[in-house]
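Remarks on the overall topology
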Amino acid sequence: MSKKPNPTQSDTGRAKTQASVLAFQLPGSGAAEQAAPDWVQIFPAGPVVATNDGRAFRITDPVRLAAAINAGKMPVLVDYDHRSYFEPYDGGDTLAAGWCSAVEARADGIWARIDWTPLAAQRIRDREFRFISPEFSVDRETGEVAWLAAISLVNRPAFTMTALARSNPNQGDDDMRAIATALGLSEDADEAAILAAIATRNTELASARTPPADRFMPRADYDAVLARATCAETELASIRTAQRVAEVDAVIAAAVSAGKIAPASKPHYVALAATDAGFEQVKQLCATLPPVVGSVPVGDVNQPGTALSDVERHIASSMGLSDDQYISARASLRAADNT
């Protein structure tokens, strides 16, 4: 195994990390007839790695990532221009330029050992390809590089979200359309509209976390107010009940005093006045009834067949009784009182 080389600090190397990150020039590719290197750099040092079109990803634990790649059951394919990513009808080609047999985490990034095919080694010597670019998968939530899918010989390398470290000038537009849709905007919304929508969402979120004091109150205060309100409603209901009892007693007492209701009938009228509608009926009845108690002369008939007075006839009618039925009932009651 040849000595592990270090990456060239050229304009396309790590010296310009932001402009050409992962645009790793093959060691020695600037010299004629230089053998293809056994080790090549595939990722720069983390934790943040950026692309030349402004996107960024993370490699927070390069040792763990290298170990996961090395634990794979198959060697990692090295192809040309990421062609193995595409279908054959779309220009895809799985022709191997080599195979990655191991990766290693170093201080300056992650390196890969490549077993080149004779054709690829010759094309590197002829300077047909000068750069290395990884194809990898990414956790969409954290941006963490999760897996190495392939490595490519390229001449225009960079990152992409879909795991191709190849330049994709339309990727930014796709991302902006996705963000606009997620915010409820049209796909063609411009950057200003998207930023304004994000600012609005952030303001709404901050307001939800810290509601205005004049519109909301702490839960403990709310519970205390609710308890006081419930207690007040209970007390008010008790007061209203007591007032109703007093009103019913007053109406019936007045009717008894006026001789419109017999004292013995008082419980019947109290029960009838238990509801609002019943109380209204009792008040109307007491207002319209003529005096009945003591209005009939003592000697004036206690026997069936005796004619009723106007008052008794009114009472009999309100009770649904005929004259004879009322006279008979009256005689029975008086006979009972005399025993």
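Residues numbered from 1 in each chain as written. Predicted model: local features only at pLDDT ≥ 70, side-chain atom pairs only at ≥ 80, totals over all residues. Heavy atoms only, no water.

On to unusual backbone geometry. Omega for the peptide link from Gly46 to Pro47 comes to 5°, which places this bond in the cis form. The residue Pro47 is located in the loop between strand E2 (39-44) and strand E3 (48-50) in this model. Backbone geometry at Asp81 places phi at a positive 50°, although glycine is not the residue there. Tracing the sequence through the fold places Asp81 in the loop between strand E5 (76-80) and strand E6 (98-106). (Helix = DSSP H or I, 4+ residues; strand = E, 2+ residues; numbered from the N terminus.)

In this section: the packing of aromatic side chains. Within the structure shown, the criterion is met by four aromatic pairs. Centroid distance Phe43 to Phe136: 5.6 Å. Interplanar angle 70°. Geometry classified as edge-to-face. Taken together, the positions of Phe43 in strand E2 and Phe136 in strand E8 (residues 131-138) put the pair 93 residues apart, joining distant regions of the chain. Phe136 matches Phe43 in its accessibility class, with the two residues each being buried. Centre to centre, the rings of Tyr80 and Phe129 are 5.4 Å apart; their planes meet at 45°, and the pair counts as tilted. With Tyr80 in strand E5 and Phe129 in the loop between helix H3 (118-125) and E8, this pair connects stretches of sequence that are 49 residues apart. For the residue pair Tyr80 and Phe129, the accessibility class agrees, reading buried in each case. Among the aromatic residues, those joined into a ring-pair cluster are Phe43, Phe57 and Phe136. (Phe/Tyr/Trp six-rings, centres within 6.5 Å; stacked < 30°, edge-to-face > 60°. Buried < 20%, exposed > 50% of the residue type's maximum accessible area, 1.4 Å probe, protein only.)

What follows covers a negative patch on the surface. A grouping of Glu187, Asp188, Asp190 and Glu191 is seen on the molecular surface, where their side chains present a negatively charged patch. Position of Asp188 among the secondary structure elements: in the loop between helix H4 (171-182) and helix H5 (191-209). Accessibility expressed as a relative area gives 67% for Asp188, which makes it exposed. (Patch = residues over 30% accessible without salt bridge, like charges linked within 9 Å, V, L, I, M, F, W, Y side chains within 5 Å. Areas by Shrake-Rupley, 256 points an atom, 1.4 Å probe, with all protein chains shown as cover. Salt bridge = Lys/Arg side-chain N within 4 Å of Asp/Glu carboxyl O. Lys, Arg positive; Asp, Glu negative; His and termini not counted. Charge placed at Lys NZ, Arg CZ, Asp CG, Glu CD.)

Another point: the nonpolar core. Judged by nonpolar contacts, the single largest core of 31 residues is most densely connected at Ile42, Val103, Trp116, Ile151 and Leu153. Listing elements by their share of this core, those giving two or more residues are E2, helix H2 (62-70), E5, E6, strand E7 (109-116), H3, E8 and strand E9 (145-154). Not counting residues up to four positions away in its chain, the partners in contact with Val103 are Trp39, Ile42, Ala66, Ile69, Asn70, Ile110, Trp111, Ala112 and Leu148. (Core = buried A, V, L, I, M, F, W, Y, C linked by side-chain atoms within 4.5 Å. Contact = heavy atoms within 4.5 Å.)

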